[in-house]
Amino acid sequence: MSKLTDKSIVITGATGGIGAAIARALAADGAAITVADLSQDAADALAGEITAAGGKAIGVAVDVRERAQIRAMLDKAAQAFGRVDVVFNNAGIAQTRPFLDITEEDWRLVTDVNALGVLLGMQEAVKTFRQQGGGGKIINTASIAAKQGYEPLAHYCASKFAVVAMTQAAARAFGKEGITANCFCPGVVATPMWDVIDKGFRDNKLTTKENEAFDSFAATAVLGRASQPADLVGVARYLASSDSDFMTGQSLMVDGGMVFI
Ligand SMILES: NC(=O)c1ccc[n+]([C@@H]2O[C@H](COP(=O)([O-])OP(=O)(O)OC[C@H]3O[C@@H](n4cnc5c(N)ncnc54)[C@H](O)[C@@H]3O)[C@@H](O)[C@H]2O)c1
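Residues numbered from 1 in each chain as written. Predicted model: local features only at pLDDT ≥ 70, side-chain atom pairs only at ≥ 80, totals over all residues. Heavy atoms only, no water.

Of the protein chain, the UniProt comment under Sequence similarities (unreviewed entry) reads exactly: "Belongs to the short-chain dehydrogenases/reductases (SDR) family." (UniProt positions renumbered as here; feature names shortened; annotations may be inferred.)

This is the structure in structure tokens:
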């Protein structure tokens with residue numbers, strides 16, 4: 001028995017780099033995972049991999065910008081596993097744009113997924129927790145970009161600062177009901193998202209070589225390397241388990257020592 005045995009955990013962006021590492025690890029701990037992402041096929045593939053390994057998982061298609069889809073995702077999780085204990089709002093997108101080039105469309109695209117998506121995820125999570133009689137854990141994926149503004153990522157940073165703000169507000173709003181909200185802040189993690197960011201640096205002529213932006217950002221980590229998705233498993237496990245029951249409204253930096261707050 002682990003502290004996560006039979007906990008029902010919903011993860012959005014669960015087939016991406018960080019989400020999949022956490023989904024696999026928490027499933028191996030005994031949690032029942034709702035693998036939620038844009039692609040039903042990708043969600044089903046990861047859920048199938050987890051169940052083939054002896055774990056519990058279902059795959060659900062969700063676009064976190066759509067409240068009805070989030071509602072359906074949580075209802076499917078509750079139907080499959082009896083309840084929902086943890087809602088992990090992890091889906092996100094990034095886009096590299098020099099400050100003066102960010103358009104209204106860029107702003108809306110990035111903030112709709114990263115900020116509105118998290119707001120909707122938290123609101124619907126609270127409704128589910130209340131239906132179950134109270135209590136529950138919300139975990140959000142923020143970023144070092146939630147603590148520092150980086151020039152060609154201003155709108156991405158704004159969306160991640162918003163995640164911290166909403167995490168704090170939700171902690172204050174729902175603490176008396178036993179519902180906690182925390183987030184963690186990865187640094188530079190080797191996932192498909194960084195391929196997009198790195199390409200954006202090159203497309204905007206901010207760098208010339210592949211991985212130059214990735215390597216130069218990662219070099220600022222005092223622990224001397226870029227992160228791998230596995231580096232985020234420990235904090236996710238902690239925030240999902242009863243070990244973090246008396247903590248709420250917090251942002252945990254897990255970035256190899258890039259940003260000190
Ligand atoms: N990679 C990093 O260096 C880094 C650093 C800090 C924070 N983060 C954050 O970590 C989280 C996971 O990112 P990742 O690095 O694993 O990236 P990733 O691109 O590998 O995964 C992101 C996942 O989110 C999904 N997604 C995108 N839009 C969605 C939508 N509208 N609805 C549902 N799902 C959607 C994608 O399909 C993808 O599977 C994101 O919130 C990201 O901002 C990443």
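Participant: Residues and numbers for the packing of helix α1 (residues 17-28) against helix α2 (residues 40-52), please.
Facilitator: It is at 10 Å that the axes of α1 and α2 come closest, and there the two elements cross at 25°. In terms of axis orientation, α1 runs roughly parallel to α2. Between α1 and α2 the crossing geometry is right-handed. Here Ala-20, Ala-23, Arg-24 and Ala-27 of α1 come into contact with α2, specifically with Leu-46, Glu-49 and Ile-50. Residue composition of the contact of α1 with α2, by class: five nonpolar, no polar and two charged. (Axes fitted to C-alpha atoms, helices over the stretch in contact; angles between N-to-C directions. Helix = DSSP H or I, 4+ residues; strand = E, 2+ residues; numbered from the N terminus. Parallel < 35°, antiparallel > 145°, perpendicular 65-115°, else oblique. Left-handed = near helix turned anticlockwise from the far one by under 90°. Contact = heavy atoms within 4.5 Å. Nonpolar A, V, L, I, M, F, W, Y, C, P; charged D, E, K, R; others polar.)

Participant: Which residues make up the pattern of salt bridges, and what are the values?
Facilitator: Scanning all chains against the criterion turns up 16 salt bridges. As a salt-bridge pair, Asp-198 and Arg-202 come within 3.2 Å of each other at their nearest N and O atoms. Placement of both Asp-198 and Arg-202 in helix α6 (residues 192-203) is noted, with a separation of four residues, approximately one turn of the helix. (Salt bridge = Lys/Arg side-chain N within 4 Å of Asp/Glu carboxyl O.)

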